Amino acid sequence: MRFLHLSDLHLGKKLRDFDLASDHAHALEEALSLALEEGLDAIAIAGDIYDSGAPSSASMALLDSFLSKAETHGLPVLLVSGNHDSPEKLSYLSGLAKRHGIYIGTDLSASLSPVTVAGVDFFLLPYVSLRSANEDLGLDAGSLEEAVGSIVGKMDLSSPRRKVLLAHQSVLPESGKLTGSGTETQPSMSGEDHAIGGSDVLPPSLFAPFDYVALGHIHKAMNVSSKIRYPGAILKFDRQEANYRKTFTIVDVSENGVSIEERPFVPLHDVVVLQGKLEALLEGNDHREDYAFFVLEDTVYQNEPMARLRARYPLAAGLEYPYIQSSGGARKYEDVTRLDRSELFASFYKDITSNTLTPFQKELVKEALAKAQGEE
């Protein structure tokens, strides 16, 4: 059987101050169209369906529309909750949904029995923390690796059918590297509290009983092994993801083994980083419909750069100066970020006026910044 492997939709997420609802709607429509054109047997979504445990009504309506269209075409959808999801909100009416070919995995106990679709057993493992595993299943595990190993050991794997695990966890090969597009690279995690190399990282050996492990949680499309894969988040969500190549992952599970195909995905709006001097960027014609982050090569502050850029690039999302010319010479952007706010203001004041703040002015600035920080 062949299915579409998605993850990390993050419905409701914004890119800086831009609403991504139209981008999400486009991506889901493209995913559904591909599944129907290819005659796929199912769509599997490996967690972080929503960006928040309290999704907006608009986000819920978007998911409802997607699932309703899939159900209309007789296309099964399997999904599990991720660390960003509320299991209770995601599983609402899951009993009714199941009767219409929509399988929602949010309960650890239910993950022990498979859902069979097109002759393949799918095990729907929601996001697992050590605490949830011990409390929900009555385990006494001392580590997440021990807990997940116990969960897999309790699963009903007795059937001779092919087996697929749908999970939202951090899994790394023994070498600590993941591969993407033929190169070794370090991933970007969707959850800041789950660091690569930390105690929440699981070894692939835990999942030896499965023919394919459909993972979510890392936003870049990467392979842990030939049968364990992250398809990457469906969209790019910030500047650091601008160079990620977004594709759709199609998985073929057969008696001959597992094969993976990547299909191109063209977003409604891309995320790009554009570099150059402000005046040159204002003359550019490329990427005017994309979410753009700008790296200004100017060595002095420019007048209202973001307002001027947005007049030409309506989706301008951010800017930075790699070098700011000061009396002390060119200063790297990363050095500027290490200054506290009062030092940065003093530097900015000197660059603009060629004057140094007096001790009295410095105290006024510190008081104003402290008050502003207290109001944030």
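It should be noted that the structure appears before, not after, this text.
Draft legend 1. Representation of the overall build of the chain within the structure. Along its length, the chain carries 11 helices and 23 strands. For the chain, with 376 residues in total, the buried portion stands at 47%. When contacts within the chain are restricted to residue pairs at least 6 apart in sequence, long-range pairs at least 24 apart make up 66% of them. Carbon and sulfur atoms form 49% of the exposed surface of the chain, whose accessible area is close to 18,000 Å².

Draft legend 2. Examining the packing of helix H5 (residues 130–137) against helix H6 (residues 144–154) more closely. At a closest axis distance of 9 Å, the pairing of H5 and H6 adopts a crossing angle of 40 degrees. In terms of axis orientation, H5 runs oblique to H6. Where H5 crosses over H6, the two elements pack in a sense that is left-handed. Across the interface between the two elements, Leu130, Ala133 and Leu137 from H5 touch Leu144, Ala147 and Ile151 from H6. Residue composition of the contact of H5 with H6, grouped by class: six nonpolar, no polar and no charged.

Draft legend 3. Structural detail: the pairing of strand E4 (residues 42–46). The buried fraction of E4 is high, at five of five residues. A two-sided burial pattern is seen for E4, the buried positions comprising Ala42, Ala44 and Ala46 on one face and Ile43 and Ile45 on the other. Across four bridges, strand E1 (residues 2–6) lies against E4 in parallel orientation. When the bridges of E4 are listed, His5 appears paired with Ala44. Handedness of the crossover joining E4 and strand E5 (residues 77–80) through helix H2 (residues 57–72): right-handed.

Draft legend 4. Examining unusual backbone geometry more closely. At Ala118, a position not held by glycine, the phi torsion is positive, near 50 degrees. Here Ala118 is to be found in the loop between strand E7 (115–117) and strand E8 (120–125).

Draft legend 5. How the structure looks around the packing of helix H1 (residues 21–37) against H2. Interhelical geometry of H1 versus H2 gives an angle of 15 degrees and a closest axis separation of 11 Å. Our classification of the angle between H1 and H2 gives roughly parallel. Crossing angle aside, the handedness with which H1 passes H2 is right-handed. Contact residues: H1 offers Ala21, His24, Ala25, Leu28, Glu29 and Leu32, while H2 offers Leu62, Phe66, Lys69 and Ala70. For the contact of H1 with H2, a count of residues per class yields seven nonpolar, one polar and two charged.

Draft legend 6. Geometry of a nonpolar patch on the surface. A surface patch of nonpolar side chains, amounting to about 340 Å² of accessible area, comprises Tyr92, Leu93 and Leu96. Mapped onto the elements of the fold, Tyr92 is located in the loop between helix H3 (87–90) and helix H4 (94–98). With a relative accessible area of 62%, Tyr92 lands in the exposed category.

Cut-off values and rules
All residue numbers here refer to positions counted from 1 along the written sequence of the relevant chain. The predicted origin of the model limits local features to residues at a pLDDT of at least 70 and limits the giving and counting of side-chain atom pairs to 80 or more, whereas totals for whole chains, interfaces and linings rest on all residues. Where side-chain values are given, they derive from all heavy atoms of the structure, hydrogens and water being excluded. Numbering goes from the N terminus for both helices and strands, where a helix is a DSSP run of H or I of at least four residues and a strand is a run of E of at least two. Buried, partly exposed and exposed residues are distinguished by accessible area as a fraction of the type maximum, computed with a 1.4 Å probe on protein chains only: under 20%, between the cut-offs, and over 50%, respectively. Contacts were defined at the residue level, with two residues in contact if any of their heavy atoms lie within 4.5 Å. Values of accessible area rely on a 1.4 Å probe in the Shrake-Rupley scheme; residue burial ignores everything except the protein chains shown. All axes here are fitted lines through C-alpha atoms, helices being fitted over the stretch that makes contact, and every angle between N-to-C directions spans 0 to 180 degrees. In this scheme, roughly parallel covers angles under 35 degrees and roughly antiparallel covers those over 145, while 65 to 115 is roughly perpendicular and the rest are oblique. For a crossing to be left-handed, the near helix must be turned anticlockwise from the far one by less than a right angle; the clockwise case is right-handed. Note on residue classes: Ala, Val, Leu, Ile, Met, Phe, Trp, Tyr, Cys and Pro are nonpolar, Asp, Glu, Lys and Arg are charged, and everything else, Gly too, is polar. Any two strands with at least two DSSP bridges between them are considered paired. Note on handedness: a crossover is taken as right-handed if, strands pointing away from the viewer, the path from the first strand over the helix to the second is clockwise. Here a patch means residues that are over 30% exposed by relative accessible area and free of salt bridges, tied together within 9 Å if like-charged and within 5 Å if nonpolar (Val, Leu, Ile, Met, Phe, Trp, Tyr). One side-chain nitrogen of Lys or Arg within 4 Å of one carboxyl oxygen of Asp or Glu is enough to make a salt bridge.

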